[in-house]
Amino acid sequence: MTDRRIDAKWWKSATIYQIYPSSFMDSNGDGIGDLPGILSKLGYVKSIGVDAVWISPFYKSPNKDQGYDISDYQMPDPSYGNMEDIEAIIKGCHDKGMKIIFDLVINHTSDQHRWFQESRKSKDNPYRKYYIWRPARYIDGERRPPTNWQATFGGSAWEWDEITQEYYLHAFVVEQPDLNWEDAEVRQAIYKEAILFWLEKGIDGFRVDVSSFYSKHEFVDAPIVKPEQYIQPAHYNYIDGPRLTEFLEEMQRETFSKYDSVTLAEMPGTRTLENKLEFVGESSKRFSMAISFDLATVDHNGHQNYYLWWKPYDLKEVKKITEAEQLLSGPNTDGWALTYLENHDQARSISRFMNDSPEYRVISGKTLAMYLLTLSGTPILYQGQEIGIINMPKEWPEEEYIDPMSWMFMQDVRDDIKKGVKGITEKEAFHSIQMIGRDHARVPMQWSNEKSAGFSTNEKTWMRVNTSYKEGINVAEEEKDENSVLNFYRRMLAFRKKHSDSIIFGEYRGVDPENEKIMQFYKTSFDGETLFVALNFSGSMQTISKPEGKAELLLSSSVDSGDQDTLQPYEGRIYRV
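Residues numbered from 1 in each chain as written. Predicted model: local features only at pLDDT ≥ 70, side-chain atom pairs only at ≥ 80, totals over all residues. Heavy atoms only, no water.

S.K.: For this particular structure, what's the right way to read the sheet that holds strand E10 (residues 166-169)?
M.R.: Think of a sheet as strands paired side by side through backbone hydrogen bonds, with each pair either parallel or antiparallel. Pairing is antiparallel across the open sheet formed by 3 strands, whose spatial order is E6-E10-E9. The sheet is open, and its two edges are formed by strand E6 (133-134) and strand E9 (158-161), each paired on a single side. Strand direction decides the pairing type here: E9 and E10, joined by 4 bridges, are antiparallel. Following the sheet pairing, Trp158 is matched in E10 by Leu169. (Pairing = 2+ DSSP bridges. Helix = DSSP H or I, 4+ residues; strand = E, 2+ residues; numbered from the N terminus.)

Shown next as structure tokens:
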């Protein structure tokens, strides 16, 4: 067994806290979170026990995809603040002993970016090559897009441009044209403008958005799965193209490797252990870690034609995914795992995986904290996860869901119903976004039980505040409660550091894989310390597998853990064996 502690880089023992700027803290009362608001809360973030902060896009943007459509890589959006504000945050994190990571969105830009504005002026404009333009094709005299590809959020992946009489490719919303990575000059412009600029300002790395999209496959039609329409699902035409490895190695060589920077690569697509190691192994020279989608989508795809169609998750599948991810940090690889339950693209984990009723919300949040923070690798916490924020109330109408993925999904379902597609209803579709829509992560942070949850002095906020802040789910009330979800996260993070040899750098071994109610596993250090973790994902009492040897209970998510062999509903425990 390899001792993974030797020469371990800082990010291997770190816990990362993600901030979504528009929803974190509003400092000026306009109803939108901002950079001074983030700066004012860095002391709180540090108090949780995390080691690094990841800030989602704060760049200048028309906000057609909530900041992931960037019109200027080197300028904060005026609604968030200015360059002095972001420089103060960089310094503030470092002064408090935390690293700082920015979002890197370079598969596409906003259609308002100066590159694209130039690109669409004429076919011979020098910036034309910065994007992917193709002529129309004609079928029975009717103009059609160059291929039948569907965009990720629905609709055609091609948009007609009247000015130059061609289509441009957009894997996401219409206002997000894809950059042309095939051109070397374009890649160098991306490196200079979006990456090196910020590394030179002292940030510690990037979360790399949709990093498997840069190389596209051949522009041929996707298979026909919806014969009643021209546009067809084409997700795999965007990812893992033939030059992806070349592009990623060049980017690493010419940017990240010149600094002591960490890279968290978002890599959509199904991946084996061997495939992941091609991207995140220390010998791969591509990324530090990869954000996998396997666990994040374990309750998605209830209908094969709709990504957001909810289905109940299977705990046995969660165990398989967990074990596969843990192999990345195992004794026989040079990779490293990255673990998370929530981010800006995922609904709240208590509502998805546990029980968000008032009776069980607190213990559910604590047990999920125990799951996440006893795994090897680097964990990410998303703002509000540490206080147990739950999904938006079920009684809220569809109008409260403003994310493009949510409303385009609903529109696709309605269009298919009109076309006579059987086996789908609007009610089922709406239930799906109530369960797994991205909007749940983007409501304002809940700081207190005051107006607008203490997020803003303005009653009108950019997204409606989740009314659960009135039910004790807020920072101020949880600070005062020794048994709150917040204070349990603090204890768990301190416990994780104390037992880092077995938890962070130890070997994972799952037991009882067919049990559909509880998850159990051992974590063993290089020096032989063994911890046993037992987590009840059900609402009934469950008998645990007796740990091997004498077991000492170190921590429980329940105030009264009761009998050693029986877990209470949604309870988690850690033993030293």
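S.K.: Can you help me understand the nonpolar core in this one?
M.R.: If you look at soluble globular proteins, the nonpolar side chains tend to sit buried side by side. Grouped together as the largest cluster of nonpolar side chains are 109 residues, with contacts concentrated most on Tyr17, Tyr44, Phe102, Ile106, Ile195, Phe206 and Met251. For this core, the element with the most residues is helix H6 (residues 184-199), which contributes 8 residues. For Met251, the residues in contact, after removing those within four places along its chain, are Ile106, Trp181, Tyr191, Ile195, Tyr214, Phe256 and Phe287. If you look at the next biggest cluster of nonpolar residues, it comprises 38 residues, including Ala151, Ala234, Tyr238 and Met463. (Core = buried A, V, L, I, M, F, W, Y, C linked by side-chain atoms within 4.5 Å. Buried < 20%, exposed > 50% of the residue type's maximum accessible area, 1.4 Å probe, protein only. Contact = heavy atoms within 4.5 Å.)

S.K.: When you look at the environment of Arg438 in this model, what are you seeing that I'm missing?
M.R.: Following the sequence through the fold, Arg438 ends up in the loop between helix H13 (426-436) and helix H14 (439-442). Residue class for Arg438 comes out buried when judged on its relative accessible area of 6%. As for Arg438 and Gln346, which are separated by 92 residues in sequence, their C-alpha atoms are 5.2 Å apart. For Arg438, the side chain forms a polar contact with the side chain of Asp345, separated by 2.9 Å. (Polar contact = N/O pair within 3.5 Å; in protein donor to acceptor, adjacent residues only side chain to side chain.)

S.K.: Just checking my understanding: could you explain the pairing of strand E22 (residues 572-576) for this structure?
M.R.: Side-chain direction in a regular strand flips from residue to residue, so the side chains alternate between the two faces of the sheet. The buried count for E22 comes to 4 of 5 residues, which makes it a mostly enclosed element. In this structure, strand E18 (residues 530-536) lies alongside E22, joined through 5 bridges in antiparallel fashion. By the bridge assignment for E22, Val533 is matched with Ile574.

S.K.: In this structure, what is going on with unusual backbone geometry? I would like to understand it.
M.R.: Excluding glycine, residues mostly carry a negative phi; peptide bonds, for their part, are mostly trans. With a phi angle near 55°, Asp240 is a residue other than glycine that sits in the positive phi range. Relative to the elements of secondary structure, Asp240 occurs in the loop between strand E11 (205-208) and helix H7 (244-254). Of note in this structure, Ala453 is not a glycine but carries a positive phi near 60°. Looking at the secondary structure, you find Ala453 in the loop between H14 and helix H15 (475-480).

S.K.: When you look at the packing of helix H12 (residues 404-418) against H13 in this model, what are you seeing that I'm missing?
M.R.: Two quantities define a packed helix pair, namely the angle between the helix axes and the distance between the axes. Running from N to C, H12 and H13 point in directions that differ by 165°, and their axes come no closer than 10 Å. The angle between H12 and H13 falls in the class roughly antiparallel. For the crossing formed where H12 meets H13, the hand is right-handed. Residue-level contacts link Ser406, Phe409, Met410, Val413, Arg414 and Ile417 of H12 to Glu426, Ala429, Phe430, Ser432 and Ile433 of H13. (Axes fitted to C-alpha atoms, helices over the stretch in contact; angles between N-to-C directions. Parallel < 35°, antiparallel > 145°, perpendicular 65-115°, else oblique. Left-handed = near helix turned anticlockwise from the far one by under 90°.)

S.K.: I keep staring at the environment of Gln150 and nothing clicks. Help me out?
M.R.: Here Gln150 is to be found in the loop between strand E8 (142-144) and E9. The spacing of Gln150 and Ile48 is 102 residues in sequence and 42 Å in space, taken between C-alpha atoms. Those residues in contact with Gln150, other than ones at most four positions away along the chain, are Gly155, Ala157, Gln229, Ile231, Gln232, Pro233, Ala234, Tyr238 and Asp412.

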